[in-house]
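Chain by chain, the residues run as shown.
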Amino acid sequence: MGSTKRGDKKFVAVRGDLLQKAIEISNRRGKSFYGFVNEIFEQAIKADEMDSTLPEILEKYRFIETLRKAGAVMVTLDLLNYCLDRLLETQSKSLLEKWYEAGVWYGKYLSAKFENPLEALTKTLNIYFWEVTETRLSSNSDGTATLKIIAPNQSQEHTELLARFIEGVVNSLNYKVSRREFWRGIIILELVKRVFPSDMESEFTSL
Amino acid sequence: MNRKLLAVRADIAEKLSEMAKRKNLTLFSLVSEALEQLLKAENRGESLQKICENHQTISAARKAGFILIPESLWISLIEKNFKSEGKAMAQAWREAGEWLGHYFKTIDPELTPQSLAERLVRGILWSISEFTVSQGDDGTITMKCIGFRCPPTYTTLLASFLTGLMEALGYSLKSKEISKGIILLSFAEAG
C-alpha cells in the first residue's frame with residue numbers, strides 16, 4: 001500500500017448510471033475522463049480534510065448563494081462591532097428600526113425563494129449569520145412555534161439588534177411574536193401564525 | 001444495480017478507501033456519493049470544484065473574522081462612521097486582506113497572486129460585480145473592480161482589503177484610482 005506511485009491506477013466499482021452521466025459531463029468540458037474523475041474524488045478528500053462532506057458543502061453553498069443574492073455582505077466582525085458600539089451610544093432607536101426593516105425584507109425574500117421559509121431562516125442563521133452558533137425551531141402542542149437562537153459572543157445590545165432583525169423576518173413570514181425573551185447572546189421567540197396579514201390584522205380584530 | 005469499474009489514481013483510491021473505512025461506508029457508496037454530488041452541482045449549472053474552492057475561501061474568511069450581514073445595514077454603518085473613523089476602518093480592512101493573503105500563501109503556496117485575488121473577490125467580496133486581474137510583461141499586476149452599489153466609503157475599504165492582500169503576497173502598491181464603485185490598482189513586486 002505504502003509503495004503506490006502517483007502514476008499507478010486502481011479500479012473502483014461505481015454505479016453504471018452515474019458513471020455514464022459523469023462521462024457525458026467530462027466530454028462536454030473536453031476533459032479526459034480519467035483526469036476529470038480524479039479531480040472529483042480529490043474534492044471529496046479535501047472536503048474530508050476540512051471535516052466536511054460533499055453533500056454538506058453543496059447544502060451550505062446553496063444557502064450562501066441565497067444570502068449573497070439577498071444582498072448580504074461579508075465584513076470583519078471587529079469592524080462591525082466597532083461601528084455598532086459607536087452608534088448604539090447615540091442612535092440605538094434608529095439602528096433597531098433599520099435592523100427590523102432589514103429583517104422584514106429578508107423574510108419577504110425567503111418567502112419568495114423557499115417553500116418553508118421559517119426552516120430556511122433557521123438554516124441560514126445556523127450556517128453563517130452574525131455569530132449565531134445554534135438555532136432551534138420547535139412546534140408546540142398549542143399550535144405555536146418556538147425559535148431559540150444562541151450567539152454566545154454577542155453583547156446585550158447586539159443581541160437586541162439581532163432579535164429585532166429576527167422579529168422583522170418572522171413578522172413578514174406572517175407570524176406574530178407572542179412572547180419574546182432575550183439575554184446576552186440568547187434569544188427566545190414564541191411565534192403564532194397570523195390568521196390575517198399583519199397590516200390587516202388590526203382592522204379585523206377591531207371588528 | 002448496474003456496477004462498472006472505473007480507473008482512479010492509486011493514491012486517491014487508497015485515500016478514498018481509508019475514508020470509507022473511517023466513516024463505516026463501503027468504497028462503492030462513497031464513490032457513488034461523490035459522483036451524485038457532481039451531478040447535483042452540474043444540474044444547477046455549477047462546477048463541483050468551484051463550489052469546494054468557494055467553501056474553502058469562505059471558511060478561511062470566517063477564520064479571519066468575517067461574518068455576514070445585510071449590505072444595506074453595513075453601508076449605513078459605514079456611512080455614519082467613516083467621517084470620523086475612516087482611517088482606522090481602512091486599516092482594519094487592510095489587515096484582514098493581509099491575514100487572508102498569509103493564510104492562503106501558507107495552505108496553498110502554489111496559488112498565483114492573480115488566482116488568489118480572483119478567488120477571494122468571487123468568494124467573499126460579493127459587492128464587486130466585475131473584476132479583472134492581469135500581469136504585465138514587467139511583472140506589474142493590475143486589478144480593475146466594479147461594484148455598482150458601493151458608495152465611495154465602501155469602495156475605499158474594498159481597495160484597502162486588496163492592497164493588504166497583495167502586500168502579504170509580496171507586492172507593493174504602485175498606483176491607485178478610486179471613485180464611487182470603481183477601483184483601479186496596480187502593484188509591483190516588492191524589492
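Structural data are supplied above this passage.
Residues numbered from 1 in each chain as written. Chains lettered and ligands numbered in written order. Predicted model: local features only at pLDDT ≥ 70, side-chain atom pairs only at ≥ 80, totals over all residues. Heavy atoms only, no water.

K.L.:
Help me out: how do you make sense of helix H2 (residues 27–43) of chain B in this one?
P.N.:
Quick reminder: α-helices carry 3.6 residues per turn. Residues three or four places apart thus point the same way. Residues and elements named next belong to chain B. Between its first and last C-alpha, H2 extends 24 Å over 17 residues, near the 24 Å set by a 1.5 Å rise per residue. Listed as buried for H2 are Phe28, Leu30, Val31, Ser32, Ala34, Leu35, Gln37, Leu38, Leu39, Ala41 and Glu42. Count one or two residues on from H2 and you reach Gly45, which has phi positive near 75 degrees. (Helix = DSSP H or I, 4+ residues; strand = E, 2+ residues; numbered from the N terminus. Expected span 1.5 Å × (residues − 1). Buried < 20%, exposed > 50% of the residue type's maximum accessible area, 1.4 Å probe, protein only.)

K.L.:
So what exactly am I meant to see when it comes to the sheet that holds strand S3 (residues 134–139) of chain A here?
P.N.:
Pairing between sheet strands relies on hydrogen bonds along the backbone, with the strands arranged either parallel or antiparallel. All names here are of chain A. Within the open sheet, the four strands sit side by side as S3-S4-S6-S5. Their pairing is antiparallel. Pairing within the sheet leaves two strands with one partner each, and these edge strands are S3 and strand S5 (175–183). Across the sheet, the axes of successive neighbouring strands diverge by a mean angle of 15 degrees, strand direction being ignored. One ladder, built from six bridges, connects S3 with strand S4 (residues 145–150); its direction is antiparallel. Residue pairing across strands places Ser138 opposite Thr146, the latter belonging to S4. Lying over the sheet, helix H5 (residues 117–127) contacts S3, S4, S5 and strand S6 (186–193), oriented at roughly 160 degrees with respect to S3. (Pairing = 2+ DSSP bridges. Axes fitted to C-alpha atoms, helices over the stretch in contact; angles between N-to-C directions. Contact = heavy atoms within 4.5 Å.)

K.L.:
Help me understand the nonpolar core, please; the structure alone is not making it clear to me.
P.N.:
Soluble globular proteins tend to pack their nonpolar side chains together in the buried interior. If you look at the biggest cluster of nonpolar residues, it comprises 93 residues, and the most contacted ones within it are Trp74, Trp93, Ile124 and Tyr154 of chain B. Considering every element that reaches this core, the biggest residue donor is helix H4 (residues 77–113) of chain A, with 14 residues. Among the nonpolar cores identified, the runner-up in size contains 35 residues, and Ala22, Val37 and Tyr61 of chain A together with Ala13 of chain B belong to it. (Core = buried A, V, L, I, M, F, W, Y, C linked by side-chain atoms within 4.5 Å.)

K.L.:
What is the right way to look at the interface of chain B and chain A in this model?
P.N.:
Note on interface size: it is often stated as the accessible area lost on association of the parts. Of the residues lining the interface, 71 residues belong to chain B; the matching set on chain A comes to 72 residues. Both faces combined, the contact of chain B with chain A buries some 7500 Å², and carbon together with sulfur accounts for 71% of it. In this assembly, chain B and chain A are joined by eight salt bridges. Close ionic contact of Asp48 of chain A with Arg22 of chain B constitutes a salt bridge, the shortest N to O distance being 2.7 Å. Run the count over chain B and chain A and you get 22 residue pairs in polar contact (both at pLDDT 80 or more). (Buried area = accessible area lost by both parts, 1.4 Å probe. Salt bridge = Lys/Arg side-chain N within 4 Å of Asp/Glu carboxyl O. Polar contact = N/O pair within 3.5 Å; in protein donor to acceptor, adjacent residues only side chain to side chain.)

K.L.:
Any chance you could explain the packing of aromatic side chains here in plain terms?
P.N.:
The geometry of an aromatic ring pair is captured by two quantities: the separation of the ring centres and the angle between the planes. For the coordinates displayed, the defined rule picks out 11 aromatic pairs over all chains. When the ring of Phe66 of chain B is compared with that of Trp93 of chain B, the centres are 5.8 Å apart and the planes differ by 90 degrees; the resulting orientation is edge-to-face. Residue Phe66 of chain B is located in strand S2 (residues 66–70), and its partner Trp93 of chain B is located in helix H4 (residues 71–107); the two are separated by 27 residues in the primary sequence. The exposure class of Trp93 of chain B is buried, given its relative accessible area of 0%. For the ring pair Tyr103 of chain B and Phe104 of chain B, a centre distance of 5.4 Å and an interplane angle of 90 degrees mean the geometry is edge-to-face. When its relative accessible area of 1% is taken as the criterion, Phe104 of chain B is described as buried. Taken together, the ring pairs in this structure connect Phe66, Trp74, Trp93, Tyr154 and Phe161 of chain B into an aromatic cluster. Over the ring of Phe63 of chain A we find Arg62 of chain A; its NZ or CZ atom is 5.5 Å from the centre of that ring. Sitting above the plane of the Phe28 of chain B ring, Arg3 of chain B keeps its charged end 3.8 Å from the centroid. (Phe/Tyr/Trp six-rings, centres within 6.5 Å; stacked < 30°, edge-to-face > 60°. Lys NZ or Arg CZ within 6 Å of the ring centre and 35° of its normal.)

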